[in-house]
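Next come the chains, spelled out residue by residue.
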Amino acid sequence: MQDTWGIPGPAFIVGYIVALIVVVILAVAHRKVLFRGDRSARVDDLGPQQLAYLNGGDRLAVYSSIGGLRAAGALGTAGSALVQTGPIPVGVTPLDSAIHHAASGQIRTRDLTGDQWVRSALDDLRTGLERRGLAVSPEALKQARLWAWAAGALALIGVFRLIAGIQNNKPVGFLVVAVVVVAFFTWRLARTRRIATDAARARMRELRERHGYLSPAQSPAYATYGATGAALGVALFGAAALYDMDPAFAAEAEIQRAAAANGFTSGSGSSCGSSSSCGSSSSCGGGSSCGGGGGCGGGGGCGG
Amino acid sequence: MTSPIEGGREGDHPGQPGGAPRSLATRQAELVEALTGGKPVPYGFDAFKVDAARVALLRKRAGEVARQWPMLAAGFGDRWTASFSAWAATRPTQGSLRDGWDFARHLRSKGELPAIAGAELAEREARWSYAGSAAPRARRVPAVRSAAGAVVVQVAGRIRVIRRRGWAALRRS
Amino acid sequence: MGIGWRPEISGFVAGLPGLRFAEVVAESVHAHGDLPDGLPALLDRGVAVVPHGVRLSLGGAEPVDPARVTHLAAVASRLSAPLASEHIAFVRAAGVEAGHLLPIPRSREAIDAVVANVARTTAELPVPLALEPIASLFDWPDDELTEADFLTEILDRTGALLLLDVANVYANARNRGEDPLDLLDKLPLDRVAYVHVAGGAEHQGLYHDTHTDAVPQAVLGLVTELCARHRPPALMLERDGDYPPADELTAELDAIAAAAGYPAITA
C-alpha cells in the first residue's frame, strides 16, 4: 500500500510532534518577551483599584472600589442591586466616583462595566498601567495570539493527513491523538489572556507578603484598617475578601467569589479562618474552639 | 479533689438540708451543666446572676460560630444571636465549627436553612466527613453534597459549586 | 506598654512604633510548624511576646491535662517568652466544656486544687507563671475568704506572679457593690508581672467584662490609682473583638499609657 502523501506514517508523526514542540517553544519564548513588562516599574504608588486590575482585571477593580465604598458606608444593596447609602467620601478615585454615581440609579454589579462613566474610568486605569509597563497592552496580546495561527495551520495539516489516511485505510490512531493535542494548543494560544506583566506579578507577590494581615485567612478587622484597607484587601486577595468583610452584602450584590487569578480559592470560608479548630488541629486539645484571636482571649467575665 | 471534712463544712452549704459532702469536682460540674445544659442553678447561687452569665455565654458562642459560618449567620441577620442561642441553650459547646455545623444540619432537616447558607454547608459537607460525634475529617474521595438548593462537587479537594441559591451559573471556585 | 496580639489586627499591631511587648493566646500558637502570620515579624523586632493560656482550667478540681501544660511550655520556649500566664478559673468539668472562664469558690478546697494544678504546670514551664484572677458575674455561695486573702494565699503557696486585670477588679467590685480600691490596697502589688486593661459594658444592671467595648473612664482611673501605689512593669490593652477604627485603638492605647504614666507607643 502506498504511504499517504509519500511520507511514511511514523516519520510523519515524529515530524509533526517536533513541529508542534517547536511552535510551542517559540510561542512561549515570544510571550515571555512580550509580557515581561518594565522591570523597574514600582507598584508602591498604585492605588488599590490599580492593583486590583492587575490581579483580576476590570471585574476585580470594580470589586475593590465597591469594597472601599462599602467600608466607608457609601454603598449598600436593595434587592440585588447596588444603591447609595451615603455620600461619596473625600479623596476617591474616578472609578469610585463613577460607581457611586451609577449606584444612584440602582444598578446591578454585573452591569457596572456597561456604565459609560465606569467604562471610561476603567479604560483610563488600564492605559495608565500599560504606559508604566505593568499591564499588557492589547497589541502585545494580539501578537501573542498570532501563534495560534501557526498551531492552527499545523492542526489543519494534521486533519488533511487524517482524511487522506482514512481514505487509504491507513491506521490513524496516533495521528488522531496528535491532532487533538495540537487542537488543544491552538485553542489555548488563541485564548491567551494576560493582564499583568511578569514584572507586575512579581511586585504583587511582594505586596501580598507585606500586607498579609489583610488576607481573609487572618479575618482582618476591616473597621480597623479602614476603607483603604478594605479596598486593598480585595485588590490583593480577591473577591473572597469582600465576602469576609461583609458576607450578606457580598451575597446580595452577587459578587462572584472566584474573581482573582491567584488570590484565594476560598468558597465560603473554607480557609478555616484564623482559628485552628478545623478538625485536624492538634494543639487545641480536641473539641473546644481555640478562637485564635476571638472570644477566647483571656480574662474576665462573660463576653458580652 | 476532696479534702477531709473540716467541721462538717466541706462541700456543704451552710443551711443546705441534709447535704452530704459533695466534692468540688461535682459542684463544678453542676455549675457547668446549669450554664450550658439547661440544668437548674445549683443551690445557693444567685439565679439572676447565673442566668445573666448563661445568656452572655450563649451570646459569645453565637459570635464565635458566626465567625466560622459567616453565610449562615448572615442568613439570619439581626436574628442570629437569638436563633442560635435558642437552639444551643441546652447543647454544650463542641467548638464553634461543630456547633455551627450541627445547627446548620438541624435547620436543613427542618427545611429552614437560609438560602445563602446552602452553599457554605454543602461545601463543608463535601470536603469533610462529619458524623456529629467526633471532629470532622477531610474526605479523600470525591463527593457531591447539596443544601438549600445549592449543589457542590468536591474532587481531590477542589470545589465546584454547581448551583448556588437557584442560580444556574456554573462557577469554579 | 503593650497590646494583646490578635490576627485580626496584626497589621495595626505591626505598625505600633513603640511596642515593647505583646501577649498572644497560647492555644492559637502551634508548638511546631508555622507561627501565626505577623508574629515572627514582631519577634524579630525584639518585642517580648508572652503566651496567655485560656484552656488549661487550673482552677478545676480535675488535674490539669498534661498535654496542655506541655503545649504551654513549648510555646513559651518557642517565643522565647519571659513568662507565661493563665487564669485562676476553670473551663470544664466532667467532660463538658463551659466555653468560658468560670469562677472557683474562694474556699480552702479550691485553693488546694489550684495550687496543685499550678504546681503541675510550673514543674514543666521553663519560665515563671503569672496568674490572672477573673471577673465574674456571680459568686459561689460558700466563699470563705475575701478575694484579696484568697489571691494572696494562692500566690504565696504557688510562688506565682500576679497578672492583674484592672477591668476585672472593677467589674467584680461593681457587681458586688464593693470598692475596687479596697482590693488594690490589699493585694501584693509587688508580685504584679503585668496588667490587663480592657473594656466592658453594662447589661441589666450588671457590668460585663466583654473585651469588645471601649475602656471606660472608671477603669482608666483605677489604672492611675494602681500606678500611684505601685507602678507595674508593663500594661497592655486587651481587646478580643469588634475592633474599632485604628484611630480609636490608638487613642485608647494613648489613654492607658497616660493613665499609667508611661510613654505612648503609638508614635
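Higher on the page you've got the structure.
Here we summarise the structure given alongside this text. (Residues numbered from 1 in each chain as written. Chains lettered and ligands numbered in written order. Predicted model: local features only at pLDDT ≥ 70, side-chain atom pairs only at ≥ 80, totals over all residues. Heavy atoms only, no water.)

Overview of the packing of helix 7 (residues 198–210) of chain A against helix 8 (residues 222–237) of chain A
Residue and element names in this part refer to chain A. Two elements in contact, helix 7 and helix 8, have axes whose closest approach is 10 Å; the angle formed by their N-to-C orientations is 130°. As summarised for this structure, helix 7 and helix 8 are arranged oblique, according to the angle between their axes. The hand of the helix 7/helix 8 crossing is left-handed. Residues M204, L207 and R208 of helix 7 form the contact with helix 8, whose participating residues are A235, L236 and F237. Of the residues belonging to the contact of helix 7 with helix 8, the class tally is five nonpolar, no polar and one charged. (Axes fitted to C-alpha atoms, helices over the stretch in contact; angles between N-to-C directions. Helix = DSSP H or I, 4+ residues; strand = E, 2+ residues; numbered from the N terminus. Parallel < 35°, antiparallel > 145°, perpendicular 65-115°, else oblique. Left-handed = near helix turned anticlockwise from the far one by under 90°. Contact = heavy atoms within 4.5 Å. Nonpolar A, V, L, I, M, F, W, Y, C, P; charged D, E, K, R; others polar.)

Topic: the pairing of strand 3 (residues 48–52) of chain C
Of all five residues in strand 3 of chain C, four are buried; the element is thus mostly enclosed. In terms of handedness, the path from strand 2 (residues 21–25) of chain C via helix 2 (residues 39–45) of chain C over to strand 3 of chain C forms a crossover that is right-handed. (Buried < 20%, exposed > 50% of the residue type's maximum accessible area, 1.4 Å probe, protein only. Right-handed = clockwise from strand over helix to strand, strands pointing away.)

Regarding the nonpolar core
Among the nonpolar cores identified, the biggest contains 156 residues, and L54, I66, I99 and L112 of chain A together with I3, L39 and L164 of chain C are the most heavily contacted of them. Sort the elements by how many residues they give to this core and helix 2 (residues 48–71) of chain A lands first, with ten residues. Excluding residues within four positions of it along the chain, L112 of chain A makes contact with V62, I66, L82, I99, A102, I107 and V118 of chain A. Counting 29 residues, the second-largest nonpolar core is a separate cluster that includes A62, F76, L107 and V161 of chain B. (Core = buried A, V, L, I, M, F, W, Y, C linked by side-chain atoms within 4.5 Å.)

Some words on a positive patch on the surface
Together, R145, R188, R191 and R193 of chain A line one region of the surface with positive charge. Note that R188 of chain A resides in helix 6 (residues 173–190). (Patch = residues over 30% accessible without salt bridge, like charges linked within 9 Å, V, L, I, M, F, W, Y side chains within 5 Å. Areas by Shrake-Rupley, 256 points an atom, 1.4 Å probe, with all protein chains shown as cover. Salt bridge = Lys/Arg side-chain N within 4 Å of Asp/Glu carboxyl O. Lys, Arg positive; Asp, Glu negative; His and termini not counted. Charge placed at Lys NZ, Arg CZ, Asp CG, Glu CD.)

Regarding the side chain of D209 of chain C
Mapping D209 of chain C onto the fold places it in the loop between strand 11 (206–208) and helix 8 (217–229). The buried charged residue D209 of chain C lacks any salt bridge partner; its closest oppositely charged side chain belongs to K60 of chain B, at an N-O distance of 9.9 Å. Reaching out from D209 of chain C, the side chain makes a polar contact with the side chain of H211 of chain C at a distance of 3.0 Å. (Polar contact = N/O pair within 3.5 Å; in protein donor to acceptor, adjacent residues only side chain to side chain.)

Regarding the packing of aromatic side chains
Under the defined criterion, the tally for this structure stands at 17 aromatic pairs over all chains. Note on F76 of chain B and W80 of chain B: the rings are 5.8 Å apart at their centroids and 55° apart in plane angle, and the pair reads as tilted. Comparing F76 of chain B with W80 of chain B shows no difference in burial state: the two are buried. Among the aromatic residues, those joined into a cluster by ring pairs are F76, W80, F84, W87 and F103 of chain B. Above the ring of W69 of chain B, the side-chain terminus of R124 of chain B is found at 4.3 Å from the ring centroid. The residue whose ring lies beneath R231 of chain C is Y262 of chain C, and the NZ or CZ to ring-centre distance is 5.1 Å. (Phe/Tyr/Trp six-rings, centres within 6.5 Å; stacked < 30°, edge-to-face > 60°. Lys NZ or Arg CZ within 6 Å of the ring centre and 35° of its normal.)

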